Structures are given as C-alpha cells and as structure tokens.
Amino acid sequence: MPLTTEIPETWRAPAARMAERLRGLDRVLVAAHVNPDGDALGSMSAVGWMLRALGRECVLYSPSGVPGYLSFLPLPRTLLTSLERLPFEPQGLVLLDCGEPQRLGEELASALHGCFAGLPGINIDHHLGSDGMGTSGNWIEPAAAATAQLVAYVCLAAGLRPEGPLGEALALGLVTDTGGFAHGSTTAAVFRLAALLGEHGCDIPGLREKLDSNWSPARMALWARLMQRVELACDGRAALCLARLDDLRRCGALKEDLEGLVEQFRRLRGVEASALLREDAPGVCKLSLRSTGDTDVRSVAVQFGGGGHRNAAGGTLRMEGQDALDAVRAALCRLLRGRERG
C-alpha cells in the first residue's frame, strides 16, 4: 500500500503540489523563523534530508543558529548563520514555519527583496495571518498541529520513507509543537503520523529523553528565580512573568533557556492563560502566550502586532519591561472577562 494513503484525504492534493514544486528546485536555501524552536529546526532539517534524497543541493540557514537544547538533532549539513559564505548561489528557496519575511531575520528578509527576488520558492506554514510568501507555491494550513506535520505529508507525497534522521526531524517538530501531544491541536491524524514514524524506526520516547533531560544548571537557576516572581491576575485565571536581561545575566543563562517556561505557568490550578515577557533589549520585549480550551490568546498577540494560534501565540512589544507587563496583563484580563460576559 503506498504511503500517500497515510496523508489525510483533504491534504493529499496540496501535499502532492508541494512535492512536485520541491522536485523542481535545486541549489536550495532552506530557512525558517529566527530563534528556531523544535518545529522550525525539525522542518528545516527534514526538508534538507528530503532534498538530499532527491539528489538536490541545499543549505540550511538561520541567523541565530541552532539552539543548544536542540543540538542533538542530526542535520543534513552545517547550518549557516550568514548569507555571506554560501557554498553556491541559491536557485530556489524553501521557507518554513513563518509567513512573513521579517520573521526570517533582517538579512534574509532584505535578500528576498534584493538578490533573491524572483527566485522560485515554496512556503509551508501552519500559522494564521498570511497567504504565504512563496513565489512558486504556498501551503498555509492553520489546522495542522505543526509545520513538520505538513512537511511529513510532502515527504510521503514525494515517495520518500520517513525514516532515519529524516524521521527524527519530523518527530521533533511534531512532539514540540504539540507540547508532547498535549495541546488541543493534537488530532487523530497527529497520532497516526506519530505511529507511522514509530513504525519506520523513530524512537519517540528517546527523542523526549533528549529534549527533557538536557538542562544546564544555569537554566535550572533561571527557572527557579522566575518561578518565584510569577504573578496571578484576573482572579487567578491568568499567570504572568517578566524575565529581565539581568535575570539571564545573574544566572549565566541564555534566551533559549526560557523555552517551555510559559507552559509551566498554566499548571497552576485555575489558570486559563499564561504569559512570559522576555526582555531582549532596553525597550524591547518578546511575548509568549499560552492558553487552554477556547481561550484565544492569539487575539491578545494581534493587539501587539503578533500572531500565532488560539492556544499558543506571541509577538514583540517595543516597551520597557514593566510597561509591557502591565499592557499584557490588561489585555489578558479583558479577554478573560469578555469570555465571562459571553
């Protein structure tokens, strides 16, 4: 039985189109959003392995590099952090897990309007708010749990088996963007895909071990410090925290050490929405939002120029830390009290 039968019927046609477009590319630059999470890096790696299997040249690019906590993932080739020393002049682009050029980083966003303008490219993403930025094909599917889920279906449509490092890359995206199969986006199709990866040799429990058991003392110290500062608002229905630059400095921690912290705030009994603000520079804060059920935190992120999904969203606030915290607290409380009235 062909593996294409594992693709949900409504997604078979777009998966086939993307596979056809992918086959038509060579000397490909593969990129995703800056500060890649597991879904972004896993999707990039998976596409790289797919291109290699198809006999194509490719390069992976991210200006922020590979996060330390994801350094275990096998990549098809070294990920480059600059466009200045590419091994070839790109003749095609694959842009993943974001739908807006600015999220790719300033260097690549500028190149898309400059030296890369007009290059054939495809864009695969599962975030709301964009029609896609691919010049030869876009697959933007907000119903997907992860971009890696869509990439997996492209893999199957291309006649490739999701095994070895390719399977591990797909599993990484699937596991991380579903919160370990705990988020509301975890559908029956997600479980079927996870089972397929397992059948092809992917050790998902081993992958979880690599993700969950690689903390540094600095990360432990940072989480302990911030856990003591979590504040509750809106009668305990919202939990918020501000991570200042000084917090990271005092703990010897990196920005990536905050990955996953905002999800922990939701573990407080009665909390429906949580927010973590990370001070990136004076007057600039990165916002991460999480929620449960029908609580739509994307509507809050949009107020600050961000976006995402109903239960996982974010953005950037150009405010001082305390002002940003106050603004997000007020927005979350408006959301939660509006749900009461509704």
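Rules behind the numbers
Residues numbered from 1 in each chain as written. Predicted model: local features only at pLDDT ≥ 70, side-chain atom pairs only at ≥ 80, totals over all residues. Heavy atoms only, no water. Helix = DSSP H or I, 4+ residues; strand = E, 2+ residues; numbered from the N terminus. Buried < 20%, exposed > 50% of the residue type's maximum accessible area, 1.4 Å probe, protein only. Contact = heavy atoms within 4.5 Å. Areas by Shrake-Rupley, 256 points an atom, 1.4 Å probe, with all protein chains shown as cover. Axes fitted to C-alpha atoms, helices over the stretch in contact; angles between N-to-C directions. Parallel < 35°, antiparallel > 145°, perpendicular 65-115°, else oblique. Left-handed = near helix turned anticlockwise from the far one by under 90°. Pairing = 2+ DSSP bridges. 1 Å grid on protein atoms, 1.4 Å probe; cavity = no way out; pocket = protein on both sides within 12 Å on 5 of 7 lines; lining within 4 Å. Points joined across faces, edges and corners; volume = space filled by probe spheres on them. Nonpolar A, V, L, I, M, F, W, Y, C, P; charged D, E, K, R; others polar. Phe/Tyr/Trp six-rings, centres within 6.5 Å; stacked < 30°, edge-to-face > 60°. Salt bridge = Lys/Arg side-chain N within 4 Å of Asp/Glu carboxyl O.

A. Structural view of the overall build of the protein. A count of helical and extended segments in the protein gives twelve helices and twelve strands. Considered along the principal axes of its C-alpha atoms, the protein spans approximately 55 × 45 × 40 Å. Counting the 342 residues in the protein, one finds 54% classified as buried. Looking at the protein alone, contacts between residues at least 24 apart form 66% of all its contacts between residues at least 6 apart. For the protein, the accessible surface area stands at approximately 14900 Å², while carbon and sulfur atoms represent 48% of it.

B. Molecular detail of helix α4 (residues 147-157). Summarising burial for α4: ten of the eleven residues are buried, a large majority. Residues of α4 that are buried: Thr147, Ala148, Gln149, Leu150, Val151, Ala152, Tyr153, Val154, Cys155 and Leu156.

C. Representation of the packing of α4 against helix α6 (residues 188-199). Where α4 meets α6, the closest approach of the two axes is 11 Å, and the angle between their N-to-C directions is 55 degrees. As judged from the angle between their axes, α4 and α6 are oblique. The two elements α4 and α6 cross, and the hand of that crossing is left-handed. Mapping the contact onto sequence places Gln149, Ala152, Tyr153 and Leu156 in α4 and Ala189, Val190, Leu193 and Leu196 in α6.

D. View of the sheet that holds strand β2 (residues 58-61). Pairing is parallel across the open sheet formed by six strands, whose spatial order is β3-β2-β1-β4-β5-β6. What marks the edges here is a single partner per strand, and that holds for β3 (79-80) and β6 (137-140). Sheet analysis places strand β1 (residues 28-32) next to strand β4 (residues 92-96), joined by five bridges and oriented parallel. Counterpart to valine 28 in the pairing with β4 is glycine 92. Taken strand by strand, helix α1 (residues 9-23) contacts β4, β5 (121-125) and β6, and its axis lies near 140 degrees from that of β6. Contacts from helix α2 (residues 38-53) reach β1, β2, β3 and β4 within the one sheet, and its direction differs from that of β1 by about 165 degrees.

E. Inspection of the layout of surface pockets at higher detail. Within this model, the second largest pocket holds a volume of roughly 150 Å³. Its residues placed into classes, the lining of the second largest pocket shows nine nonpolar, five polar and no charged.

F. Structural context of the packing of aromatic side chains. For the structure shown, the criterion picks out four aromatic pairs. Here tryptophan 11 and tyrosine 153 contribute two aromatic rings whose centre-to-centre distance is 5.9 Å and whose plane-to-plane angle is 50 degrees, an arrangement assigned as tilted. Here the residue tryptophan 11 occupies a position in helix α1, and tyrosine 153 occupies one in helix α4, the gap between them amounting to 142 residues. Taking the relative accessible area as the measure of exposure, tryptophan 11 reaches 11% and is therefore buried.

G. The pattern of salt bridges, seen in detail. The full count for this structure, using the stated rule, is 16 salt bridges. The residue glutamate 20 makes a salt bridge to arginine 21 at a minimum N-O spacing of 3.9 Å. What makes glutamate 20 exposed here is its relative accessible area of 53%. A salt bridge links aspartate 326 to arginine 329; its shortest N-O distance comes to 2.9 Å. One end of the pair, aspartate 326, and the other, arginine 329, are both in helix α12 (residues 321-341), three residues apart, so they sit about a helical turn from each other. Connected via shared salt-bridge partners are Arg225, Arg229 and Asp247.

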